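# Structural overview for review
Read off the chains here:
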Amino acid sequence: MKIRNPHSRFDISAKKTDRVLEVGGGHNPHPRSNVVVDKYADDNTHRSGDIKVLRNQEFISADGEHLPFEDKSFDYVICNHVLEHVDNPHAFLQEQFRVAKRGYLEVPSLLGEHLYPKKSHRWVLLEIDNKLVMVDKDNINFPQQFDFGELFQAYLPKNSIGYKIMERTHANLHTVRIEWEGSFDYVINPSEETLLKYFREPWSENMVYQQFPKRSMGAELIEAGKAFGDICKSIVKSKVLKRH
């Protein structure tokens, strides 16, 4: 079942003693991963750089739809921005549910894909009613002509504190993040209009509130304060790492 929506890929509940697998670590593996697998070891079509393996990590070339591990071989599995690329998302997810007890999944949201689309992404995704809904781009004639990635992925995260706060107070705005135990619910190419309308129609006020429930001003201030504190911690941490 779905446990929660973490604020980032570093906001996970993997324990120090857990054996952690990462599926598709690519050029940016999670430092908590013990074993990293990737399907395309010599092809950067689906990532932004060469394969990277951190110290004390084991790398295995493998297909995420056919993982070479026994059932429940891992306590935790991490999958960060990979599902949107795969041919068979059902097989891909079922393999993670098979080999690990718990896990973390992160994918671009529908809005994120509209703002900075990638040709290598086959699927657009959105969490609706605690279900991850996946729609093939070809089924909805997804537009590819506009790409604001330089603004929303490069400039604003580096230069705007306000944007950084918004990213943290509305964590599922540009991405969908799910931490799960056992498995979680998902739908591939749904036929129900109640789900498809999110991918085909202008969003109504009710649709917006369903995705982002309204909070009181007090709750907003608390979340903004937490976000600002987190930003300050990340700045201090990055300066400490540069010194070393």
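Within each chain, residues carry numbers counting from 1 in the order of the written sequence. With the structure being a predicted model, the display of local features is reserved for residues of pLDDT at least 70 and the display and counting of side-chain atom pairs for 80 or more, all residues being used for whole-chain, interface and lining totals. Excluding hydrogens and water, the side-chain values take into account all heavy atoms of the structure.

## What to know about a nonpolar patch on the surface
- A grouping of Phe-146, Phe-148, Leu-151 and Tyr-155 is seen on the molecular surface, where their side chains present a nonpolar patch of about 420 Å² in accessible area.
- You can see Tyr-155 is positioned in helix α3 (residues 149-159). What goes into a patch is any residue over 30% in relative accessible area without a salt bridge, connected to like charges within 9 Å or, for nonpolar side chains (Val, Leu, Ile, Met, Phe, Trp, Tyr), within 5 Å. Here the open area of atoms and residues is found with the Shrake-Rupley method and a 1.4 Å probe, where only the protein chains shown may cover a residue. Whenever Lys or Arg places a side-chain nitrogen within 4 Å of a carboxyl oxygen from Asp or Glu, that contact is recorded as a salt bridge. Counting from the N terminus, the helices are the DSSP runs of H or I reaching at least four residues and the strands are the DSSP runs of E reaching at least two.

## Some words on the nonpolar core
- For this analysis, a nonpolar core means a set of buried residues of the types Ala, Val, Leu, Ile, Met, Phe, Trp, Tyr and Cys, connected via side-chain atoms within 4.5 Å. Note on exposure labels: buried denotes an accessible area under 20% of the residue type's maximum, exposed denotes more than 50%, and partly exposed covers the range between, all computed with a 1.4 Å probe on protein chains only. Judged by nonpolar contacts, the single largest core of 29 residues is most densely connected at Leu-21, Phe-69, Leu-83, Leu-132, Met-134 and Phe-184.
- Contributing elements (two or more residues each) for this core: β2 (20-23), β3 (35-38), β5 (74-80), α1 (89-99), β6 (100-108), β7 (123-128), β8 (131-136) and β9 (175-181).
- Among the elements that line this core, the one with the most residues is α1, at 4 residues.
- Residues contacting Leu-132, with those up to four places away along its chain left out, are Leu-83, Leu-105, Val-107, Leu-125, Leu-126, Glu-127, Val-176, Ile-178, Phe-184, Asp-185, Tyr-186 and Val-187.
- Counting 13 residues, the second-largest nonpolar core is a separate cluster that includes Val-124, Val-135, Ile-140 and Leu-196. Contacts between residues were defined by any pair of non-hydrogen atoms, one from each residue, lying within 4.5 Å.

## Re the packing of α3 against helix α4 (residues 161-169)
- A fitted line through C-alpha atoms represents every axis, and for helices the fit uses only the stretch in contact; the resulting angles, taken between N-to-C directions, go from 0 to 180 degrees. Packing of α3 against α4 brings their axes to within 5 Å, and their N-to-C directions diverge by 110°. In terms of their interaxial angle, α3 and α4 are classed as roughly perpendicular. Seen from α3, the contacting residues are Phe-152, Leu-156, Pro-157, Lys-158 and Asn-159; seen from α4, they are Ile-161, Tyr-163 and Lys-164.
- Considered class by class, the residues forming the contact of α3 with α4 number 5 nonpolar, 1 polar and 2 charged. Angles are sorted into four bins: roughly parallel if under 35 degrees, roughly antiparallel if over 145, roughly perpendicular if 65 to 115, and oblique for all others. Amino acids outside the nonpolar list (Ala, Val, Leu, Ile, Met, Phe, Trp, Tyr, Cys, Pro) and the charged list (Asp, Glu, Lys, Arg) are all regarded as polar, and Gly is one of them.

## A word on the sheet that holds β5
- When DSSP locates at least two bridges between a pair of strands, those strands are taken to pair. As summarised here, the arrangement of the 7 strands in space is β1-β9-β6-β5-β2-β3-β4, forming an open sheet in which the pairing is mixed. Of all the strands in the sheet, just β1 (2-4) and β4 (58-61) have a single pairing partner and so form its edges. With direction set aside, neighbouring strand axes in the sheet form an average angle of 25°.
- Inspection of the sheet shows β3 paired to β4 by 4 bridges, in the parallel sense. Counterpart to Val-35 in the pairing with β4 is Glu-58.

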